[in-house]
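Report on the structure
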Amino acid sequence: MQRNPTAMIDHLNPPTGKMADNVVGFARALRAAGLPVGPGAVIDALDALQLIEIGHRDDLYATLEAIFVKRREHLLIFDQAFALFFRAAEDWQHMLDSIPLPDAAKKKPPPASRRVQEAMSPAATRDMPSAEEQELRLAVSDKEILQKKDFAQMSAAEIAEVTRAIERMRLPQAELRTRRVRPDRRGLKLDLRRTLRVSLRTGGEVVDIKRLGLIDKPAPIVALLDISGSMSEYTRLFLHFLHAITDDRKRVSTFLFGTRLTNVTRALRQRDPDEALASCTSSVEDWAGGTRIATSLHSFNKLWARRVLGQGAIVLLISDGLERESDSKLAFEMDRLHRSCRRLIWLNPLLRYDGFEPRAQGIKMMLPHVDEFRPVHNLTSMHTLIAALSSAPPPHHFSTIRSVA
């Protein structure tokens, strides 16, 4: 039986639109949600829809997925957008009469679908700006102000803009020289075995000298993030930052602590940042509570230090240092942590104040055991931190780096 394309188009479209408009609108929603969908993909989708039975939901899903999804991490967003698209079509008396509304669409959507819902809203799909228009929304002066503005003083729109900027951050590979060797034409060590083996081809005469060079590996990074109530205005953005560098460098371990220590390394390795942060939140029981730095450091030193602090690890301690129980135990655990790692960097939002002085007892006990004391309260401080992590380590002595923004 020969298909009738016109009947297929009429079957797909609601009375108020056309099939091309629906596909274009769906493509705009995917692009607003972060998928790289261009005009060529829309044309391919329209051509492919002429070759399938549009009345079958699975066939329609598989066809659009094959065209619009180019990377594995985009599949989750596409799946949620597809479900929301047909759920919205219910208000238009169903785009496809033969497609039932899935049960998953009636449940609370997962965290990653929030931006999909925003992209599916009429305001977003009516006038979808191009990438160039989105880039020009902020003037140069506004961007400079945003770079230096304190996270705690930002509005919701500014937080969203900063979050997108943090997700684009990449940490260059800061290499550490190991004792292992590999074949290297410019190496300084003679590879006698390979040299003698090659000389057999020339009757035992050494013509080609083989050499070995040392292997360089990226330095592991271990982050200890304070999630107590006094750090609540910075915690989520710091998690976005750690997710960004975790996605780029696989040797990153992240621990959250308030009154207890929680390992969220596996959660932050999820591709989607919203899913990763939601997983971190669900696994932590003491979010925005009290602070017990000494107890948390004791748990880390006892249970995790031997596992994650090998091979010259760099430790990022992100905390304001406002410890509830400041005693000799805190100094002992800080000293133990300092001796176990290659470089201990303390990132403290309180350094944003020009007149900051370490008057709190906990800060006084922690300061002698860190290599660097840096502010981390805005985008400029984060870029400075990335530059510091990417460069060669300074001599092993304490240094305080004041805020310049």
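Summary of the structure given here. (Residues numbered from 1 in each chain as written. Predicted model: local features only at pLDDT ≥ 70, side-chain atom pairs only at ≥ 80, totals over all residues. Heavy atoms only, no water.)

Quick word on the overall build of the protein chain
Each helix and strand in the protein chain was counted, giving 19 helices and 10 strands. The buried share of the protein chain, reckoned over its 405 residues, is 44%. Within the protein chain, contacts between residues separated by at least 24 positions form 76% of all contacts whose residues are at least 6 apart in sequence. Summed over all atoms, the accessible surface of the protein chain reaches about 22,000 Å², with 52% contributed by carbon and sulfur. (Helix = DSSP H or I, 4+ residues; strand = E, 2+ residues; numbered from the N terminus. Buried < 20%, exposed > 50% of the residue type's maximum accessible area, 1.4 Å probe, protein only. Contact = heavy atoms within 4.5 Å. Areas by Shrake-Rupley, 256 points an atom, 1.4 Å probe, with all protein chains shown as cover.)

Quick word on the pairing of strand β7 (residues 314-318)
Along β7, five of the five residues are buried, which leaves the element largely enclosed by surrounding structure. Bridge count for strand β4 (residues 221-226) against β7 is five bridges, and the pairing is parallel. What sits directly across from Leu224, in β7, is Leu317. Note that β7 and strand β8 (residues 343-347) share five bridges and pair parallel. Opposite Leu316, over in β8, you have Ile345 as the bridge partner. (Pairing = 2+ DSSP bridges.)

Structural notes on the nonpolar core
Among the nonpolar cores identified, the biggest contains 41 residues, and Phe151, Phe238 and Phe241 are the most heavily contacted of them. It is helix α12 (residues 232-248) that provides the largest number of residues to this core, a total of seven residues. Among the nonpolar cores identified, the runner-up in size contains 30 residues, and Leu297, Leu309, Leu351 and Phe373 belong to it. (Core = buried A, V, L, I, M, F, W, Y, C linked by side-chain atoms within 4.5 Å.)

Some thoughts on the side chain of Glu333
By the secondary structure assignment, Glu333 is in helix α17 (residues 328-340). Here Glu333 sits buried without a salt bridge, and the closest side chain of opposite charge, Arg336, lies 4.3 Å off (N-O distance). Setting aside residues no more than four positions away along its own chain, Glu333 makes contact with Ala294, Leu297, His298 and Asn301. (Lys, Arg positive; Asp, Glu negative; His and termini not counted. Salt bridge = Lys/Arg side-chain N within 4 Å of Asp/Glu carboxyl O.)

Examining the environment of Ala33
Of note, Ala33 is situated in the loop between α2 (19-32) and α3 (39-49). Assessed through its relative accessible area of 5%, Ala33 is described here as buried. As for Ala33 and Phe78, which are separated by 45 residues in sequence, their C-alpha atoms are 8.9 Å apart.

Regarding the pattern of salt bridges
Between side chains of opposite charge, a pair can form when the charged atoms approach closely. Summed over all chains, the structure comprises eight salt bridges. A salt bridge links Arg339 to Asp335; the shortest N-O distance between them is 2.9 Å. Of this pair, Arg339 and Asp335 both sit in helix α17, four residues apart, roughly one helical turn. Using a relative accessible area of 67% as the deciding quantity, one classes Arg339 as exposed. Here Asp335 falls in the partly exposed class, since its relative accessible area comes to 23%. Of the charged contacts, one joins Arg359 and Glu357 as a salt bridge, the two residues approaching to 3.2 Å between their closest N and O atoms. Residue classification places Arg359 among the exposed residues on the basis of a relative accessible area of 63%. Within the structure, one salt-bridge network assembled from shared partners comprises Arg343, Glu372 and Arg374.

Section: the pairing of strand β5 (residues 252-257)
Taken across its six residues, β5 has six buried, putting it largely inside the fold. A two-sided burial pattern is seen for β5, the buried positions comprising Val252, Thr254 and Leu256 on one face and Ser253, Phe255 and Phe257 on the other. Relative to strand β6 (residues 261-263), β5 is paired through three bridges, and the arrangement is antiparallel. Pairing of Phe257 across the sheet is with Leu261, part of β6. Counted between consecutive antiparallel strands, the loop separating β5 from β6 contains three residues.

Structural notes on helix α10 (residues 156-167)
Taking 1.5 Å per residue as the helical rise, α10 with its 12 residues ought to reach 16 Å, and the 17 Å between its terminal C-alpha atoms agrees with that figure. Those residues of α10 that fall on the buried side of the exposure criterion are Val162, Thr163, Ala165 and Ile166. One side of α10 carries all its buried residues, which in axial view fall inside an arc of 160°. Among the exposed residues of α10, those oriented more than 90 degrees off its buried face are Ala156 and Ala157. (Expected span 1.5 Å × (residues − 1). Arc of directions from axis to C-beta.)

Looking at the packing of aromatic side chains
According to the stated counting rule, one finds 12 aromatic pairs in the structure shown. Note on Tyr234 and Phe238: the rings are 5.9 Å apart at their centroids and 15° apart in plane angle, and the pair reads as stacked. Taken as a pair, Tyr234 and Phe238 lie in helix α12 at a separation of four residues, close to a single helical turn. Like Phe238, Tyr234 is buried. Taken together, the aromatic side chains of Phe26, Tyr61, Phe68, Phe78 and Phe82 make up a single cluster linked through ring pairs. Its end group placed over the ring of Trp304, Arg307 keeps NZ or CZ at 4.7 Å from the ring centre. (Phe/Tyr/Trp six-rings, centres within 6.5 Å; stacked < 30°, edge-to-face > 60°. Lys NZ or Arg CZ within 6 Å of the ring centre and 35° of its normal.)

Let's talk about the environment of Phe238
The exposure class of Phe238 is buried, given its relative accessible area of 2%. Between the C-alpha atom of Phe238 and that of Ile166, which follows or precedes it by 72 residues, the distance is 9.1 Å. Setting aside its immediate chain neighbours within four residues, Phe238 contacts Phe151, Leu225, Met231, Ile318, Pro349, Val376 and Met382.

Quick notes on the packing of α3 against helix α4 (residues 57-68)
It is at 9 Å that the axes of α3 and α4 come closest, and there the two elements cross at 150°. Relative to α4, the element α3 lies roughly antiparallel. The way α3 lies across α4 gives a crossing that is right-handed. Residues Ala41, Val42, Asp44, Ala45, Ala48 and Leu49 of α3 lie in contact with α4, whose contacting residues are Leu60, Thr63, Leu64, Ile67 and Phe68. In the contact of α3 with α4, the residues fall into nine nonpolar, one polar and one charged. (Axes fitted to C-alpha atoms, helices over the stretch in contact; angles between N-to-C directions. Parallel < 35°, antiparallel > 145°, perpendicular 65-115°, else oblique. Left-handed = near helix turned anticlockwise from the far one by under 90°. Nonpolar A, V, L, I, M, F, W, Y, C, P; charged D, E, K, R; others polar.)

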